[in-house]
2 protein chains.
Amino acid sequence: MIEPSTADAAPATSCCPQYHEAIELIGRRWTGAIIAVLLTREPLRFSDIAASVPDISDRLLSERVKELEHRGLVERRVDPGPPVRVRYALTPMGRDLAPAVGELHAWARRWLSCGPATP
Amino acid sequence: MIEPSTADAAPATSCCPQYHEAIELIGRRWTGAIIAVLLTREPLRFSDIAASVPDISDRLLSERVKELEHRGLVERRVDPGPPVRVRYALTPMGRDLAPAVGELHAWARRWLSCGPATP
């Protein structure tokens, strides 16, 4: 006897390509962490981001930040100084990831034994 | 003159290791797509997941599904049949990613020119 199954009725909803693109963008190694740090406070200097994202090399952090700039999520701000100061901030597109990052953070707290949220 | 800057006041909030773990888990190539497909309907057979996640090889899909099982997000259900039928479903831990996936999907729709949501 063949058991009725919703899985036989029709193909499952295909994964939306833009969601796929989004998750692969922010899920890239370190990228989600960089966005989360900038969501807590911005603008930040390169060295401040580096201090807040554990274990990332300066080379890789620079590469990821450039990618986020290129994709329109982060902007580089240059204050003429002196001293000249370069800082990084989220664009409206980047800042709009706050609800998704917040939900993922909440999930991690519920399921991966995260400590209480840092204020 | 040194411009006052919140970035100078204290280090930015460090990235929570569990959030980092979460984003790297679901952001792994194809993993977020597999979870999104199972959130739309489950349980699904391997071939149904494969049909809904574009361009993934069976070998890689199998590897990702095994990883999700190992991490406790997906469970493998064997109906004894005949015919024997193996299907995959989200665990409560996996299903609890729905709000995060929903927010990321909404962001992708707002910023990456996604079409209207499929019902």
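Each remark here, short or long, concerns the structure printed above.
Quantities reported herein were computed from a predicted structural model and do not represent experimental measurements.

(A) Molecular detail of the overall build of chain A. Helix and strand content of chain A: seven helices and two strands. Counting every position in chain A, which comprises 119 residues, the buried fraction comes to 46%. At a minimum sequence separation of 6, the contacts of chain A that also span at least 24 residues come to 48%.

(B) Broad picture of the pairing of strand β3 (residues 85–90) of chain B. Residues and elements named next belong to chain B. Across the six residues of β3, five count as buried, placing the element largely inside the fold. Taken together, the two bridges between strand β1 (residues 44–45) and β3 define a ladder with antiparallel strand orientation. From the neighbouring strand, L44 faces β3, where its bridge partner is Y88. Examined bridge by bridge, strand β2 (residues 74–79) and β3 share six bridges and lie antiparallel to one another. Note on β3: the bridge partner recorded for R77 is R87.

(C) Focus on the nonpolar core. Counting 66 residues, the largest nonpolar core has A:I34, B:I34 and B:L97 as its most contacted members. Residue contacts for B:I34: discarding those within four places in its chain leaves B:I49, B:V53, B:L61, B:R64, B:V65 and B:L68.

(D) Looking closely at the sheet that holds β1(B). All names here are of chain B. The antiparallel open sheet is built from three strands, whose spatial order is β1-β3-β2. Both outer strands of the open sheet, β1 and β2, are each paired with one neighbouring strand and no more. The sheet strands contacting helix α3 (residues 31–40) are β1, β2 and β3, and the helix crosses β3 at an angle near 100 degrees. Running at roughly 105 degrees to β2, helix α5 (residues 58–70) makes contact with β2 and β3 of the sheet.

(E) Representation of the environment of B:E24 in the model. You can see B:E24 is positioned in helix α2 (residues 17–26). Judged by its relative accessible area of 17%, B:E24 is buried. Not counting the four nearest positions on each side in its chain, B:E24 is found in contact with A:R28, A:R29 and A:W30. Looking at B:E24, its side chain comes within polar contact range of the side chain of A:R29, at 2.4 Å. At a separation of 3.1 Å, a polar atom in the side chain of B:E24 contacts the main-chain amide nitrogen of A:W30.

Conventions used here
- Residues numbered from 1 in each chain as written.
- Chains lettered and ligands numbered in written order.
- Predicted model: local features only at pLDDT ≥ 70, side-chain atom pairs only at ≥ 80, totals over all residues.
- Heavy atoms only, no water.
- Helix = DSSP H or I, 4+ residues; strand = E, 2+ residues; numbered from the N terminus.
- Buried < 20%, exposed > 50% of the residue type's maximum accessible area, 1.4 Å probe, protein only.
- Contact = heavy atoms within 4.5 Å.
- Pairing = 2+ DSSP bridges.
- Core = buried A, V, L, I, M, F, W, Y, C linked by side-chain atoms within 4.5 Å.
- Axes fitted to C-alpha atoms, helices over the stretch in contact; angles between N-to-C directions.
- Polar contact = N/O pair within 3.5 Å; in protein donor to acceptor, adjacent residues only side chain to side chain.

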